[in-house]
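# Structural features, examined
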Amino acid sequence: MPVVITGTGSALPSNIVTNDDLATIVDTSDEWIQSRTGIKQRHFKSEGQTTSTLATEAAENAMKSAGVTAADIDLIIVGTATPDLTFPSVATMVQANLGMEKGAAFDIAAACSGFIYALSVAESMMSSGKFKRALIIGSETFSDMIDKDDRTTYVLFGDGAGAVVVENMTDEEANGSGVIGTEIYSDGRYKNDLYASGGVSFNKTTGNIVMNGREVFKHATRAMSGLVTDTLEKYNITKEDIDWLVPHQANKRIIDATAKHLGLSSDKVVLTVSEHANTSAASIPLALDVAVKDGRIQKGDTIFFEAFGAGFTWASALVKF
Ligand code: UT7
């Protein structure tokens, strides 16, 4: 059964922090941040906001855009690396916030690839017909995890959430729309190049982000090019068939390299890293919602999603919107 995206939504804290604001806290500059990453600003959560409150807001907006209510949802999957609590999952908190009394809800830990991992898992669970309608969410509050003693990571991250409603349909109802295919990969040998320095069974803290930026950059660029070639080949899609690249938003230079590999001009790439910075698992559904809301992405368009993150994990999804 085709699994179709029927609604998108997002949530961003109102507190905008510019590069110049950060330059008053750490030894950095707007010029360095923009030229190395493309980031101009990020949103940081305000008092009372958490990963689950942002996820709930994004979910409510996605349900509104799909024209459904919580009673219509039977599955929630949240990609996050910054949950409110170690447990229960953010997904069950969203379930309670939405007033749902049925269904299944759980989180996925795949760092920046979390949203595509969640979409991939949902597609497997839904295409058999076992679940009818799901909320797939990416939500993060990395402002709680950045360390002002490390300028190399402090300037890169932001908070936010994005969500989609996906629904399994008959071929007739889907009318050509649906997930064409998802690819998920990981290689744990690189776990020390990007990680949080805390955890329950390691040191009972949440820790800070530690990243070997140059190594991550190198692997991300290479993995994204490989993903483009492999995914297109596997699903027998040509570069010309792709209408939009909606990538993970970590660094404009990585995105530019992937777009070049796809042969896509910059006006076919949804770029939000300048406004949102790196929101990890939230970055793709946030970018998707921006481009759907401003009218760029239309029903029937073919979208290539791709992400790379800690683990290392990486993933792609081809979707007929
Ligand atoms: O979302 C998960 C995946 N993450 C990523 O994809 C991130 C991948 N990596 C990157 O995006 C880039 O490697 C960074 C943006 C993190 C860094 O850019 P870079 O061009 O690789 O810079 P670099 O680490 O090679 O550092 C260059 C210089 C260094 O100074 P020296 O050693 O050349 O004197 C750094 O100390 O820039 C310095 N530097 C800074 N200067 C001003 C590092 N951070 C800063 C800063 N402000 N915030």
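What counts, and at which threshold
- Residues numbered from 1 in each chain as written.
- Predicted model: local features only at pLDDT ≥ 70, side-chain atom pairs only at ≥ 80, totals over all residues.
- Heavy atoms only, no water.
- Buried < 20%, exposed > 50% of the residue type's maximum accessible area, 1.4 Å probe, protein only.
- Helix = DSSP H or I, 4+ residues; strand = E, 2+ residues; numbered from the N terminus.
- Pairing = 2+ DSSP bridges.
- Core = buried A, V, L, I, M, F, W, Y, C linked by side-chain atoms within 4.5 Å.
- Domains from an automatic or database assignment.
- Contact = heavy atoms within 4.5 Å.
- Salt bridge = Lys/Arg side-chain N within 4 Å of Asp/Glu carboxyl O.

A large share of strand E1 (residues 3–11) lies buried, amounting to eight of its nine residues. Sheet topology note: the E1/strand E7 (residues 159–168) ladder contains eight bridges and is antiparallel. Its bridge partner lying in E7, Val 3 is registered against Asn 168.

With that settled, consider the nonpolar core. If you look at the biggest cluster of nonpolar residues, it comprises 34 residues, and the most contacted ones within it are Ile 136, Val 166, Val 246, Ile 297 and Phe 305. The leading source of residues in this core is helix H5 (residues 114–126), at seven residues. Per-domain counts for this core show at least three residues from each of domain 1 (3–174) and domain 2 (178–320). Among all residues touching Ile 136, those that are not within four sequence positions of it are Ile 77, Phe 115, Ala 118, Leu 119, Ala 122, Gly 162, Ala 163, Val 164 and Val 166. If you look at the next biggest cluster of nonpolar residues, it comprises 26 residues, including Val 155, Phe 157, Leu 194 and Val 273.

Here we take up unusual backbone geometry. In this model, Phe 87 is joined to Pro 88 through a cis peptide bond whose omega is 0 degrees. Summarising the element assignment, Pro 88 is placed in the loop between strand E4 (75–79) and helix H4 (90–97). Residues Gly 311 and Phe 312 are joined by a peptide bond in cis, for which omega reads -10 degrees. As for its placement among the helices and strands, Phe 312 is situated in the loop between strand E12 (302–309) and strand E13 (313–320).

Applying the stated criterion across every chain, the model contains ten salt bridges. Arg 151 serves as the salt-bridge partner of Asp 27, at 3.6 Å between the closest nitrogen and oxygen. Here Asp 27 is found in the loop between helix H1 (19–23) and helix H2 (30–37), whereas its partner Arg 151 is found in helix H6 (residues 151–154), with 124 residues between them in sequence. Its relative accessible area of 60% is what places Asp 27 among the exposed residues. Between Lys 293 and Asp 289 there is a salt bridge, with its nearest N and O atoms 2.7 Å apart. In this pair, Lys 293 and Asp 289 both sit in helix H12 (residues 283–293), four residues apart, roughly one turn of the helix. According to the relative accessible area criterion, Lys 293 is exposed, its value standing at 53%. A relative accessible area of 4% means that Asp 289 is categorised as buried. Bridged by salt links that share partners, the residues Lys 132, Arg 133 and Glu 167 form one connected network.

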